[in-house]
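Reading the structure
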Amino acid sequence: MVYKIGSLIFFMAGSLITIQEASGLSGKSIQTIRRAIKSNKVAYKKKKTPQGFNYMLNRESVIQLYKLRIPKQDRKQAGLKKGKKDLVQEFATVDDMKKVQGEISNLLSEHEKAKQSFMRFMKTFQDRFVVMENQLKLLEEPNKKKWYQFWK
């Protein structure tokens, strides 16, 4: 069951499933499920991963969209017992936000240090490159004529 309060959406605990699970539950292809997500026919959340994100679908909205009949034993296994109203709450307290803010400021300071170190490295590399160019110019013979100056 989905509860909507203002712009916040609450799902019952254990009611989020992956696209693959929704495909197996409904008997539809994964691409069909993705099209339903794109057209907002299914309630979903994005779960962030290192590669991007995964869609987590509301099981009840998949059942409702494809008019599926789920046996009672499957509902019990999914944690959807009648009368049970566990809500997933994702609220952050002020202390949590302060911790996150501290971690972000630490990361930013580390990033600044790494940036300064990199800039020092690049400056050293650039200086050494200029020195090598100058040494190469000095090694060239000063009186040697170019190949196209044979008439002089």
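Structure first, text after, so check above.
Note that the structure is a prediction, hence the values are computed from the model and not measured. (Residues numbered from 1 in each chain as written. Predicted model: local features only at pLDDT ≥ 70, side-chain atom pairs only at ≥ 80, totals over all residues. Heavy atoms only, no water.)

Here's the deal with the sheet that holds strand β5 (residues 52-58)
In space, the three strands of this open sheet follow the order β3-β5-β4, with antiparallel pairing throughout. Every interior strand has two partners, whereas the edge strands, β3 (16-18) and β4 (44-49), have only one. On average, each strand axis in the sheet is inclined to that of its neighbour by 40°, with strand direction left out of account. Bridge analysis of β3 against β5 gives three bridges, and the strand direction is antiparallel. Within β5, the position partnered with L16 by the bridge is N58. Contacting β3 and β5, helix α1 (residues 19-26) runs over the sheet at an angle of about 90° to β3. (Pairing = 2+ DSSP bridges. Helix = DSSP H or I, 4+ residues; strand = E, 2+ residues; numbered from the N terminus. Axes fitted to C-alpha atoms, helices over the stretch in contact; angles between N-to-C directions. Contact = heavy atoms within 4.5 Å.)

Thoughts on the packing of α1 against helix α2 (residues 30-38)
The geometry of α1 relative to α2 is characterised by a closest axis approach of 9 Å and an angle of 110° between their N-to-C directions. It follows from the interaxial angle that α1 and α2 lie roughly perpendicular. Remark: the crossing between α1 and α2 carries right-handed chirality. Together, I19, Q20, A22, S23 and S26 of α1 and I30, I33, R34 and I37 of α2 make up the contact between the two elements. Residue classes in the contact of α1 with α2 are distributed as five nonpolar, three polar and one charged. (Parallel < 35°, antiparallel > 145°, perpendicular 65-115°, else oblique. Left-handed = near helix turned anticlockwise from the far one by under 90°. Nonpolar A, V, L, I, M, F, W, Y, C, P; charged D, E, K, R; others polar.)

Observations concerning α2
Those residues of α2 lying buried are I33, A36 and I37. Summarising the axial view, the buried residues of α2 lie within an arc of 100°, below the 170-degree limit, and thus occupy one face. Contacts made by the buried residues of α2 are with α1, β4, β5 and α3 (59-65). Residue N40 follows α2 closely and has a positive phi angle near 60°. (Buried < 20%, exposed > 50% of the residue type's maximum accessible area, 1.4 Å probe, protein only. Arc of directions from axis to C-beta.)

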